Structure formats: C-alpha cells, structure tokens
Amino acid sequence: MQCLRHVRCVTKLRAAAPTSRLLKVTNLLRSASTLQQKKEMADNKPWVLISEVGDKGVHEDVVDIISQHFHIICLKEFLQNPALHGPKIQGLFMWYYSPAAEPSLMSCLPSLKVIANGGVGIDHLDVPYINSFGVKVTNTPGVVSDATADMAMALLLASARKVLEGHLISVDSKTTHVPKNLMGVEVTGSTLGIIGMGHIGYKVAQRSKGFNMRILYHNRNRRSIEDEQAVGASYCEKLDDLLKESDFVVVVVNLTPDTTGLISHRELSLMKPTATLVNVSRGLVVDQDALVKALMTGTIRAAALDVTHPEPLPRNHPLLTLPNVLITPHIGTNTRGTERKIVQMMVDNILAAVKGLAVPNEVKAK
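Residues numbered from 1 in each chain as written. Predicted model: local features only at pLDDT ≥ 70, side-chain atom pairs only at ≥ 80, totals over all residues. Heavy atoms only, no water.

Going by the annotation in an unreviewed UniProt entry, the name recorded for the protein is Glyoxylate reductase/hydroxypyruvate reductase, with Xiphophorus maculatus given as the source organism. Under the UniProt heading Sequence similarities (unreviewed entry), the entry covering the protein gives this text: "Belongs to the D-isomer specific 2-hydroxyacid dehydrogenase family." (UniProt positions renumbered as here; feature names shortened; annotations may be inferred.)

Spelled out as structure tokens, the structure:
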C-alpha cells in the first residue's frame, strides 16, 4: 500500500510540473505585457516646457507630480535645438513668470495648446496675443488664498509688534540688556481696512476676526450681506473713507491698469500717521516713491511688503534702508502644501487642454 501511495504521489507531481512551468511562463508574459503597456503609455505622454528644476525654477519635490503625466524638457535644453523639440511641446508650465511667453518662444511652439500659470495673477501675460496663436491661458485660483492670507497677517503682526527688531537685538553679540522701549502697537481691537475683498481678502477678514478687529473693506462689488455678517465686515463705497479710518491697510488686488499706482501720494496722505500699509498683491499697485516719502516724513507709521517692483529691489533702493519697513521676497504662497496644490492644478489644466476637454481654470481675454 505504501508503494502504491508513493506511485500515486509521484504521478501527481509529474502531472503538476508542466502546469507549474506554464504558470511561470504565463506570469512572465503578463509582466512583459504590463511593462510594454507602461512603456507605450510613457511614450504617449505629452511634452511640456518648464524653466528649470531647482531654486530658480520648479522645485525638485514637486517634479514628480508633473512627470507622472508629462515628458519634461527644460528651457536651456530646448533652446539648444528648438527645431527638434518645438513641435513636441503641447504645454508650457509657467512658474514665477518663466519661461516668458515672448514672440521668439511662441513662434517655436507650433503644437502648443496651453500656458499654465502658477498663481492667480496674470498681469505678466498678454492673453489676447497668446490666444491669437490658438493657445489657452490658465491660472490657479483658490489654492493660494489661505497661504497668502496667512502671509498678510504675519506681516501685519510682525510689523505691529516689532518682531524683526526684537530678533535682531536678541541675536546681536553686543546686546547686554533687553531694552524696555521697544514698543509696538495694538492689533487686537484695532481697525483693519482691506482693499480687494476677493478670495484672499475674505480670508484675511476671517483671520482678523480672531483678533476682534473692526473690519472695513473696499471692493469693486459689494459682497453679500451674509458674507459681511460672517466676518463682521463693513463696506466702504469710497476708498478714501477706508484709508482715513484704518489702523492697518491690507492691499489684496489684482494688478490691472486701474489698480496700477492705486496707493500713491494722495492715498497715503489720507491714512493715519499711526497706520501701517501691508501689500501682498503686486508691487506696482503701490507708488514706491510716494511710499518712501510717506515713511520718511511720518505720514504713516510703517509698511510691510511681500511684493515690490522690481523683485528684488536694486540694492541701493531707499526702501531697503528705512527702519520702518519690513520686506519679504514675494513668498506669500511659499508653503509645501500650497506649492503641491498649485502644481497639481496646473497639471490638471494642461491635461484638459491637451485632451480637448473643457479647461477648468481658463483665463478669458477681456
């Protein structure tokens, strides 16, 4: 009986052997097929043009979001052989204004379908001109609002409470005692004037409510009563009224012909001598010569700026020497989470344009 069992067992093993080899072969074929499919999918990925990877371009930690969907070519490599690379490019990934949509570049991109701008502002783009090539323009609204509003409040608080001055004293090797005359101004209970009550402006209002601030705002269009009540904001139809009453004025507008130089000598003269101007919009919204004069003469107390014109300012610019100015290098949206959200939205915009679908964040020419 034992021999019979042994024979039966051996017979089963022999019968199973071809099946086992067949399964291995089948699995190998499936793996090869999957690799081939992945290769074909990769080969079919659209091409996009970016400025570069690194500190002066797209950050390395977000390149993976782009490379999942596109072949990437950097501007330097592209310029070495535009005739070879130009016809492949279907999307232009514009990060911090680069690559610039200049005629010399546009003429080299016959297959271009879309320029995806990172950020909301498109004042650096000639949309009608770009559209004349049959190319769409997109931006990334919404995803930058929280980070920019946080930056506005950070500048306001740092300026009001002399945070930078306190830091410099604390780390100075010559400091032997803590000065008691480093006095700031009250934030809680003060009056905040917001110029531009869009997504970002409204986020600023939400944050300032936590400081029990009286909130005034000026906007092209008045927001709903429900929106006003939710943050306790009062509408100022006239900008002058807001300027006269505010302890802090936060500028959050898009740069347009109407808003260029919006804050100049006259507007600054209307502000309180104890007031602070905070700008997180664009540098050209504020007349910088007028601002220098207002700060030097005590027309206003201080300014806190995340934007200037140009960026960075020339190293001999008078704004850089004034003790009542706080300047940061346009970092309002610079958080890891916000950056990844911006890039993902840019990717979605390009994919939609390349596939001929409705583009979710297309900017229309006015």
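There is more to say, and it comes next.
## Quick word on the pattern of salt bridges
On inspection of all chains with the given rule, the structure shows 15 salt bridges. The closest approach of N and O atoms between Asp150 and Arg207, which form a salt bridge, is 2.6 Å. Within this pair, whereas Asp150 is found in helix H7 (residues 145–160), its partner Arg207 is found in helix H9 (residues 199–209), the two being separated by 57 residues in sequence. Overall, Asp150 belongs to the partly exposed group, its relative accessible area being 43%. Among the ionic pairs, Glu362 bridges to Lys364, the shortest N-O distance being 3.4 Å. Its relative accessible area of 57% is what places Lys364 among the exposed residues. If you follow the salt bridges from partner to partner, you end up with Asp146, Asp150, Lys203 and Arg207 in one network. (Salt bridge = Lys/Arg side-chain N within 4 Å of Asp/Glu carboxyl O. Helix = DSSP H or I, 4+ residues; strand = E, 2+ residues; numbered from the N terminus. Buried < 20%, exposed > 50% of the residue type's maximum accessible area, 1.4 Å probe, protein only.)

## Overview of the packing of H7 against H9
In contact at an axis separation of 8 Å, H7 and H9 are set at 55 degrees when each is read in the N-to-C sense. When the interaxial angle is binned, H7 and H9 end up oblique. In this structure, H7 crosses over H9, and the sense of that crossing is right-handed. Where H7 approaches H9, its residues Ser145, Asp146, Thr148, Ala149, Asp150, Ala152 and Met153 are matched on the opposing element by His199, Ile200, Lys203, Val204, Arg207 and Ser208. Of the residues that constitute the contact of H7 with H9, the class distribution is five nonpolar, four polar and four charged. (Axes fitted to C-alpha atoms, helices over the stretch in contact; angles between N-to-C directions. Parallel < 35°, antiparallel > 145°, perpendicular 65-115°, else oblique. Left-handed = near helix turned anticlockwise from the far one by under 90°. Contact = heavy atoms within 4.5 Å. Nonpolar A, V, L, I, M, F, W, Y, C, P; charged D, E, K, R; others polar.)

## A look at the sheet that holds strand E4 (residues 114–117)
Read across the open sheet, the five strands follow the order E2-E1-E3-E4-E5; overall the sheet is parallel. One side of each edge strand has no neighbouring strand; the edge strands of this open sheet are strand E2 (71–74) and strand E5 (136–138). Direction aside, neighbouring strands of the sheet carry axes that sit 25 degrees apart on average. Here three bridges tie strand E1 (residues 47–50) to strand E3 (residues 89–94), and the two strands are oriented parallel to one another. By the bridge assignment, Leu49 is partnered in E3 with Leu92. On the sheet, helix H14 (residues 336–354) packs against E1, E3, E4 and E5 and is oriented at approximately 155 degrees with respect to E3. (Pairing = 2+ DSSP bridges.)

## As for the layout of surface pockets
The method is simple in principle: a probe with the dimensions of a water molecule rolls over the atoms, and the space it marks as empty is what remains. By volume, the second largest pocket is sized at about 490 Å³. Considering the residues around the second largest pocket, the lining is formed by 23 residues, among which Tyr96, Glu311, Pro312, Pro329 and His330 are closest to the centre. Here the residues of the lining of the second largest pocket sort into 10 nonpolar, eight polar and five charged. Each of two domains, domain 1 (42–142 + 336–363) and domain 2 (144–172 + 181–327), supplies a minimum of three residues to the lining of the second largest pocket. (1 Å grid on protein atoms, 1.4 Å probe; cavity = no way out; pocket = protein on both sides within 12 Å on 5 of 7 lines; lining within 4 Å. Points joined across faces, edges and corners; volume = space filled by probe spheres on them. Domains from an automatic or database assignment.)

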